[in-house]
Amino acid sequence: SCNTSVPLCPVSSEDDPEQELLCIFGTGDLGRSLGQRLIQAGYRLVYGSRRPHSCGPLPPGTQVATSHEAAAQSAQLIFLCVHREHYDFLESLTPQLKGKVVVDVSNNLKRDLYPEANAEHLQRLIPGAHVVKAFNTLSAWALQNGPSDANRQVYLCGNRTEAKQAVAETATKLGFTVVDRGSLSAARELEDSPLQLFPDWRLPMRLTVGLTAFFFLYVVIRDVIYAYVEQRKDISFRIMVSLANKVFPIVSLIMLSLCYLPGIMAACLQLSRGTKYKRFPDWLDRWMLCRKQLGLVSLAFASLHVLYTLIIPIRYYVRYRLAAITISQIRENKTTAFDTTMAWRTDSYYSMGVLGFGLFLLLGISSLPSVSNILSWREFSFIQSKLGYLTLFICTFHTYLYGWDKFLHLASYKWFTPPSYMLCLIVPSAVLLLKMLLLLPCVDKRLTRIRQGWERADPE
Ligand code: HEM
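Going along each chain's sequence as written, the residues are numbered from 1 onward. Given that the model is predicted, a residue must reach a pLDDT of at least 70 before its local features are reported, and side-chain atom pairs must reach 80 or more before they are shown or counted; all residues, however, enter totals for whole chains, interfaces and linings.

A few points about the overall build of the protein
Here is step 1: Helix and strand assignments follow DSSP, with helices taken as H or I runs no shorter than four residues and strands as E runs no shorter than two, numbered in order from the N terminus. Broken down by element type, the protein carries 17 helices and nine strands.
Here is step 2: The globule rule used for comparison is 2.2 Å times the number of residues to the exponent 0.38, while the radius of gyration itself is calculated over C-alpha atoms. Here the C-alpha atoms of the protein give a radius of gyration of 32 Å, more than 25% beyond the 23 Å that 2.2 N^0.38 yields for 460 residues.
Here is step 3: Remark: C-beta atoms are placed from the backbone, and a residue is labelled buried if 20 or more other C-beta atoms sit within 10 Å of its own, exposed if 12 or fewer do, or partly exposed between those counts. Per-residue burial over the protein gives 31% buried out of 460 residues.
Here is step 4: With C-beta atoms placed from the backbone, a contact is any residue pair whose C-beta atoms sit within 7 Å. A sequence separation of at least 24 residues applies to 73% of the contacts in the protein between residues at least 6 apart.

Things to note about the environment of W141
Here is step 1: As for its placement among the helices and strands, W141 is situated in helix 5 (residues 140–145).
Here is step 2: The spatial distance from the C-alpha of W141 to the C-alpha of T275 is 49 Å, given a sequence separation of 134 residues.

Describing the packing of helix 9 (residues 244–273) against helix 16 (residues 420–439)
Here is step 1: Taken N-terminus to C-terminus, the directions of helix 9 and helix 16 make an angle of 25 degrees; their axes are 9 Å apart at the nearest point. Relative to helix 16, the element helix 9 lies roughly parallel. For the pair helix 9 and helix 16, the crossing hand works out as left-handed. Contacts between helix 9 and helix 16 involve K246, I250, L253, I254, S257, L258, Y260, L261, I264 and A267 from the former and S420, Y421, C424, V427, P428, V431, L434, K435 and L438 from the latter.
Here is step 2: Under the convention adopted here, Pro, Cys and the residues Ala, Val, Leu, Ile, Met, Phe, Trp and Tyr are nonpolar, Asp, Glu, Lys and Arg are charged, and Gly plus all remaining residues are polar. Its residues placed into classes, the contact of helix 9 with helix 16 shows 15 nonpolar, two polar and two charged. For every element, the axis is a line fit to its C-alpha atoms; helices are fit only across the contacting stretch, and the angle between N-to-C directions ranges from 0 to 180 degrees. Should an angle fall under 35 degrees it is taken as roughly parallel, and over 145 as roughly antiparallel, whereas 65 to 115 is taken as roughly perpendicular and any remaining angle as oblique. Take the far helix as your reference; a near helix turned counterclockwise from it by less than a right angle gives a left-handed crossing, and one turned clockwise gives a right-handed crossing.

Some thoughts on the UniProt feature "domain: Pyrroline-5-carboxylate reductase catalytic N-terminal" (unreviewed entry) in the protein
Here is step 1: UniProt positions are given in the numbering used here, feature names are shortened, and annotations may be inferred rather than shown by experiment. Under the feature "domain: Pyrroline-5-carboxylate reductase catalytic N-terminal" (unreviewed entry), the UniProt entry names residues 23–108.
Here is step 2: Structurally, residues 23–108 is divided into 27% helix and 22% strand, and its ends, taken at the C-alpha atoms, are 22 Å apart.

A word on the nonpolar core
Here is step 1: To define a nonpolar core, we join buried Ala, Val, Leu, Ile, Met, Phe, Trp, Tyr and Cys residues through C-beta atoms within 7 Å and take the resulting set. In this structure, L22, I78, F79, V102, V103 and V167 are the most contacted members of the largest nonpolar core, which totals 56 residues.
Here is step 2: Listed in part, the 32 residues of the second largest apolar core include L243, F248, M255 and C424.

With respect to the UniProt feature "domain: Ferric oxidoreductase" (unreviewed entry) in the protein
Here is step 1: Following the UniProt record, one finds the feature "domain: Ferric oxidoreductase" (unreviewed entry) at residues 250–389.
Here is step 2: The straight-line gap between the two end C-alpha atoms of residues 250–389 is 17 Å; of that span, 81% is helix and 0% is strand.

Quick word on helix 6 (residues 161–173)
Here is step 1: Helix length check: helix 6 (13 residues) gives 18 Å between terminal C-alpha atoms against 18 Å at 1.5 Å per residue, within 8%.
Here is step 2: Next to the buried residues of helix 6 lie strand 5 (77–80), strand 6 (101–104), strand 7 (130–134), strand 8 (153–158) and strand 9 (177–180).
Here is step 3: Of the residues trailing helix 6, G175 is marked for its positive phi of about 95 degrees. The span you would expect from a helix comes to 1.5 Å times its residue count less one.

Considerations on the domain arrangement of the protein
Here is step 1: As annotated, the domain borders come from an automatic or database domain assignment. Annotation of the protein at the domain level lists domain 1 (8–195) and domain 2 (209–451).
Here is step 2: Each of domain 1 and domain 2 was reduced to a C-alpha centroid, and the two centroids are 52 Å apart.

Points about the pairing of strand 6
Here is step 1: Residues V101 and V103 point to one face of strand 6 and V102 and D104 to the other, with burial holding for every one of them.
Here is step 2: For the crossover from strand 6 across helix 4 (residues 118–125) to strand 7, the handedness is right-handed. Here is how to tell: hold the view so the strands point away, follow the path from the first strand over the helix to the second, and if it runs clockwise the crossover is right-handed.

Overview of the site of the ligand
Here is step 1: We call a residue near a molecule or strand when the C-beta position, derived from backbone atoms, sits within 6 Å of it. Near the ligand lie 24 residues; those nearest to it are P249, S252, G353, C395 and Y421.
Here is step 2: Of all elements in the fold, only helix 9, helix 11 (291–310), helix 13 (340–366), helix 15 (377–403) and helix 16 reach the threshold of two or more residues within the shell around the ligand.
Here is step 3: For the shell around the ligand, the leading source of residues is helix 9, giving seven residues.
Here is step 4: Its residues assigned to classes, the shell around the ligand shows 14 nonpolar, nine polar and one charged.

Notes on the pairing of strand 2 (residues 21–25)
Here is step 1: Among the five residues that make up strand 2, five are buried, leaving the element largely enclosed by the rest of the structure.
Here is step 2: Side chains L21, C23 and F25 project from strand 2 onto one buried face, and the interleaved L22 and I24 project onto a second face that is buried too.
Here is step 3: Paired strands, as defined in this entry, are two strands with at least two bridges between them according to DSSP. Bridge analysis of strand 2 against strand 3 (residues 44–48) gives five bridges, and the strand direction is parallel. In the strand pairing of strand 3, I24 is matched with Y47.
Here is step 4: After leaving strand 2, the chain enters helix 1 (residues 29–40) and then returns to the sheet as strand 3, a path that is right-handed.

The structure is reproduced here in structure tokens:
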């Protein structure tokens, strides 16, 4: 009814008065992709453009209004797909935009570019309109092709409930799930979120880099620099495989144990507080939330350790040493007797390594959404908790067996420092020990009661 009075230059002549008419300001990538999706969802569409007669190819079935005023007047819901720098023209549209819902889909190139969120700035420019921030976390690609797993949600915020409802309805028709983030003051957060790169990975990545750098330095000093200073030998080539094959499994084992440490700390807190109804400290919450990432990094590093171990027999250095030993035995006409203990010992730690890695893979696979979705909560937590502790135990045992009696030999403590494998056993051993304490019947019973809601008479 409202578009008969509005002068439009039609791109296509189809017109169905049953369909709701929407308006998009801006004919860039985002405007075009959004338009295509809206047309597919059965809306009619009018574009507002600075250059109505030369705005490039638009989705078939859409129209371009001769002016922004005309476009604004024709629809109740207006998508603003222009950059913030070009918002100023909207001020002159104040009369046409009064009472209309204006959707701000904009993003910035950097954080803190402006003192005020784009959507809040817009609301001040056109106080008579109802500004809703939405769709900005989606790419033009996701808008054009419809929701995919990673882009199913449309976050929105705005000051007026009816306006948000109108936008939510449209988003739902496009197949997205709407998440209402509250009033327009949340716009800042929504505008910042596409600028973040892997936010859940920040803490685990810092930890990985920190631990890797520390242990790399530690083994370089203890192996390469020690040999150079004390024996005048250059063994720096060992950095590439031998040292890498220490650093990766060490960091892997520590990270695996760090997946289980926060759960143990939480249990200890609950036991000492005598209640589960008190919030955990922030750092513990954040730690708990990144356990999956810690586990995945740990699995990746364990895989590297396995690959590095597999190439040991084909290394030039190893083949050379084997040949040299054989030749010297022939020359000196000596044979070393077969050492059954040595066979047991090495086979045992290889076997523990293989078992540990197998269980580790199982943990990783069961955390894939396609797998975890078909598991019940009980099954999932059985795998991640019980099998997780078993994995940690076996991998720790693998490392103890590898160390065997090295701790008894003074030569292991170069420059009075313990070998790196000993350092990496500290956290896993502590986690396993604490877990065993928590499994003691008297402790376990109390913890179970607390988790079922029981409170100590006088929780401090
Ligand atoms: C050390 C084999 C899985 C943790 C070693 C070593 C070998 C080995 C041969 C001695 C490396 C050297 O001489 O420097 C294997 C095999 C595995 C496996 C065959 C599975 C197929 C794992 C897993 C973990 C792990 C899953 C735990 C995350 C360690 C640690 C060391 C070690 C911490 C001591 C590193 C050092 O300080 O030298 N493993 N391993 N291993 N492995 Fe494994």
